[in-house]
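Overview (structure and organization)
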Amino acid sequence: MLTSSARLLALLGLMQSRRRWSGPELAGRLGVSDRTVRKDIDRLRSLGYPVDAARGPGGHYELGVGAALPPLLLDEDEAVAVAVGLRAASGVTGIEETSVRALAKLEAVLPHHLRRQVAAVHDAVVKGPENTSSNVRDPQVDAGLLQELAAAIRDRVEVRFDDHAGTGRPADAPPDPRQVEPYRLVSWQRRWYLVARDARTGTWAPYRVDWIELKSPGGRRFSPVPFPEQDFGSFVLREVAATGWAVHARVRVDAAAEEVLSRINPTVGVVEPVDDGHCVLVTGGDSVEVVAVWIGMLGLDFHVDGPAALVEALRVQARRYAAAVPGAPRPR
């Protein structure tokens, strides 16, 4: 049988692992009587842990919200997983230092054999580049900005921001001022998007969070309206394919729309039928080089009139491919 102190720790660990427990469930897991569980619950309360209790047929115990974060009890696998995850934390600026502090606190209390496991994983793993599909660095988003947007979504308060709309705009172009109703944050391919509604026009749109410069104070409170799409994630994927890239292109393809759709992920482009043997692919990417390579992977004949930077990138790729084939004539 567990000692009194060990049983308290075990009880606290159980209550942190699941929201609600009945008295008999806790008694069964700890191998004690219901009366002992009640006494241990009282001891936890005396130590400052807010334990709520509901009586009656559906009676249960629940660890409440206190003024401070209680000690977090993890089993061995959980502790190792959290430590490894903290070591790998990336993608959002502002959390690197916090992750280091949290990792230091966790590793300070890990038993020696668990510290060795975490160190073994860390030493054995080499972290590759986060972005392997683009010659453009992955954007990082400030954690504080995500928190402010999430709070506005929770509190149903409009947000005001300048939309810098990506790297494809002219350097001297002023940002677009926005005031919208925020509804959801969506993470896709290491990018964050705010799905919001313009109350003046009733239009919905995703906004790249790394292109947002939030203004203070925000707007007025709003009453949410039903989202007209099936889900926020699918909406972002479709809209980004058409308008959310730094570089946009309309590619004329010598193939039926059904053929093109069978060769692409629908989230990377919108296909517009022209006739039985031709269509237009509306797509984009974070650089003209990415778009040039990607449309070449269609395996179909295509034609591009613009933008000019993409046309030049295709000429460069054509020369390189031609030069790679012995005896092939080189394009001018």
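Residues numbered from 1 in each chain as written. Predicted model: local features only at pLDDT ≥ 70, side-chain atom pairs only at ≥ 80, totals over all residues. Heavy atoms only, no water.

**Here we look at the overall build of the protein chain**
Note the following rule: We count a stretch as a helix when DSSP gives it H or I for four or more residues in a row; a strand needs E for two or more, and each element gets its number in order from the N terminus. Here the term buried applies to any residue with accessible area under 20% of the maximum for its type, exposed to any over 50%, and partly exposed to those in between, with areas from a 1.4 Å probe on protein chains only. Any pair of residues with heavy atoms lying within 4.5 Å of one another is described as a contacting pair. Surface accessibility in these figures is a Shrake-Rupley result with a 1.4 Å probe; residues are shielded only by whichever protein chains are displayed.
Looking only at helices and strands, the protein chain features eleven helices and 14 strands. Of all 332 residues assigned to the protein chain, the portion counted as buried reaches 36%. When contacts within the protein chain are restricted to residue pairs at least 6 apart in sequence, long-range pairs at least 24 apart make up 57% of them. Carbon and sulfur atoms make up 54% of the accessible area of the protein chain, which amounts to about 19,900 Å² in all.

**Let's talk about the sheet that holds strand E13 (residues 278-285)**
What counts, and what does not: Here, a strand pair is defined by DSSP locating no fewer than two bridges between the strands. Every axis corresponds to a line fitted to the C-alpha atoms, with the helix fit spanning only the stretch in contact, and the corresponding angles, defined between N-to-C directions, vary from 0 to 180 degrees.
Pairing is antiparallel across the open sheet formed by four strands, whose spatial order is E12-E13-E11-E14. For this open sheet the edge positions go to strand E12 (269-275) and strand E14 (302-303), each flanked by a neighbour on one side alone. Alignment of strand E11 (residues 247-253) against E14, held across two bridges, turns out to be antiparallel. Each bridged residue has a counterpart across the sheet, and for valine 253 the counterpart in E14 is phenylalanine 302. Those strands touched by helix H10 (residues 288-296) are E11, E13 and E14, and its axis lies near 145° from that of E13.

**Overview of the pattern of salt bridges**
Our working definition: Put simply, a salt bridge is a Lys or Arg side-chain nitrogen that is within 4 Å of an Asp or Glu carboxyl oxygen.
If you walk through the whole model with that rule in mind, you get 19 salt bridges. Of the charged contacts, one joins arginine 7 and aspartate 40 as a salt bridge, the two residues approaching to 2.5 Å between their closest N and O atoms. With arginine 7 in helix H1 (residues 4-17) and aspartate 40 in helix H3 (residues 34-46), this residue pair connects regions lying 33 residues apart in the sequence. The exposure class assigned to arginine 7 is buried, which follows from its relative accessible area of 10%. On the basis of relative accessible area, aspartate 40 is assigned to the buried category, the value being 2%.

**Examining the pairing of strand E6 (residues 159-163)**
E6 sits mainly inside the fold: four of its five residues count as buried. Relative to strand E7 (residues 176-188), E6 is paired through five bridges, and the arrangement is antiparallel. In the strand pairing of E7, aspartate 162 is matched with proline 177. In the sheet, E6 pairs with strand E10 (residues 212-215) via four bridges, with the strands oriented antiparallel. The partner of phenylalanine 161 across the bridge, within E10, is leucine 214.

**Comments concerning the environment of leucine 9**
You can see leucine 9 is positioned in helix H1. Once the C-alpha coordinates of leucine 9 and leucine 73 are considered, the two residues, 64 residues apart in sequence, prove to be 7.9 Å apart.

**Concerning the confidence of the model for the protein chain**
Definition in use: Every residue is assigned a pLDDT by the predictor, reflecting its confidence on a scale from 0 to 100.
In the predicted model, the protein chain carries a mean pLDDT of 83, and the fraction of residues at 70 or more is 85%. Averaged pLDDT values for the elements of the protein chain fall to 65 in strand E4 (residues 92-93) and rise to 96 in E14.

**A short note on the sheet that holds strand E9 (residues 203-208)**
Taken in spatial order, the five strands of this open sheet run E9-E8-E7-E6-E10, and their pairing is antiparallel. Of all strands in the sheet, those with a lone pairing partner are E9 and E10, marking the two edges. Averaged over neighbouring strand pairs, the angle between their axes works out to 50° when direction is ignored. Contacts from helix H7 (residues 143-155) reach E6, E7, strand E8 (191-198) and E10 within the one sheet, and its direction differs from that of E7 by about 100°.

**So, the packing of H10 against helix H11 (residues 308-324)**
The relative placement of two packed helices is expressed as an angle between their axes plus a distance between the axes. This is how it is decided: An angle counts as roughly parallel when it lies under 35 degrees, as roughly antiparallel when it exceeds 145, as roughly perpendicular when it falls between 65 and 115, and as oblique in every other case. Each crossing gets its hand from how the near helix is turned against the far one by less than a right angle, where anticlockwise is left-handed and clockwise is right-handed. The residue classification treats Ala, Val, Leu, Ile, Met, Phe, Trp, Tyr, Cys and Pro as nonpolar and Asp, Glu, Lys and Arg as charged. All others, Gly included, are polar.
Remark: H10 packs on H11, axes separated minimally by 9 Å, with the N-to-C direction vectors making an angle of 60°. Between H10 and H11, the interaxial angle falls into the category oblique. Seen from above, H10 lies across H11 with right-handed handedness. Contacts between H10 and H11 involve Val288, Val291, Ala292, Val293 and Ile295 from the first element and Ala309, Leu310, Ala313, Leu314 and Gln317 from the second. Partitioning the contact of H10 with H11 into residue classes produces nine nonpolar, one polar and no charged.

**Remarks on the side chain of serine 287**
Test applied: Under the rule applied, a polar contact is a pair of N or O atoms within 3.5 Å (in protein, one hydrogen donor and one hydrogen acceptor; residues adjacent in sequence only if both atoms are side-chain atoms).
Along the polypeptide, serine 287 turns up in the loop between E13 and H10. A distance of 3.2 Å separates the side chain of serine 287 from the backbone nitrogen of valine 290, its partner in a polar contact.

**Points about the environment of leucine 310**
With respect to the element layout, leucine 310 can be found in helix H11. Residues leucine 310 and valine 288, spaced 22 residues apart in sequence, show a C-alpha to C-alpha distance of 5.1 Å. When neighbours within four sequence positions are excluded, leucine 310 is seen to be in contact with Ala249, Val288, Val291, Ala292 and Val304.

**Examining unusual backbone geometry**
The omega angle of the peptide bond from serine 216 to proline 217 is 0°, so this bond is cis rather than trans. Examined against the element boundaries, proline 217 turns out to sit in the loop between E10 and helix H8 (232-243). Geometrically, the link from glycine 306 to proline 307 is a cis peptide bond, its omega value of 0° lying close to zero. Residue placement: proline 307 occurs in the loop between E14 and H11. One non-glycine residue, arginine 156, adopts positive backbone phi at about 55°. Within the secondary structure, arginine 156 is located in the loop between H7 and E6. Among the residues examined, arginine 156 registers a relative accessible area of 44% and is labelled partly exposed.

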